[in-house]
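Working through the structure, step by step
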Amino acid sequence: MLQAIDGIEIYPLISFTIFFLFFLGLLIYVALMDKKYVSSMSSFAFADEDQDQTIGGNRQ
């Protein structure tokens, strides 16, 4: 049924190209990221573990 559509064979190629380019770009972005920034962000979630997380900083 899909063989009856003219030019249908190009759509999987376009999809794969978009998929490949996206992840290639993401890989390059991560590889070129500043290592100090990554290190600081990796410890950020645990830095204020003991502080209150309520709105406005008021303890309830």
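Description of the structure in this document. (Residues numbered from 1 in each chain as written. Predicted model: local features only at pLDDT ≥ 70, side-chain atom pairs only at ≥ 80, totals over all residues. Heavy atoms only, no water.)

A word on the overall build of the protein chain
Within the protein chain one finds 2 helices and 0 strands. The buried share of the protein chain, reckoned over its 60 residues, is 0%. On the protein chain, roughly 6100 Å² of surface is accessible, and the fraction owed to carbon and sulfur atoms is 68%. (Helix = DSSP H or I, 4+ residues; strand = E, 2+ residues; numbered from the N terminus. Buried < 20%, exposed > 50% of the residue type's maximum accessible area, 1.4 Å probe, protein only. Areas by Shrake-Rupley, 256 points an atom, 1.4 Å probe, with all protein chains shown as cover.)

Points about the packing of aromatic side chains
In this structure the tally under the stated criterion is 3 aromatic pairs. For the pair phenylalanine 22 and phenylalanine 23, a centre-to-centre distance of 5.0 Å together with 85° between the ring planes defines the contact as edge-to-face. Among the residues examined, phenylalanine 22 registers a relative accessible area of 51% and is labelled exposed. Of the aromatic side chains, those joined through ring pairs into one cluster are Phe19, Phe22 and Phe23. (Phe/Tyr/Trp six-rings, centres within 6.5 Å; stacked < 30°, edge-to-face > 60°.)

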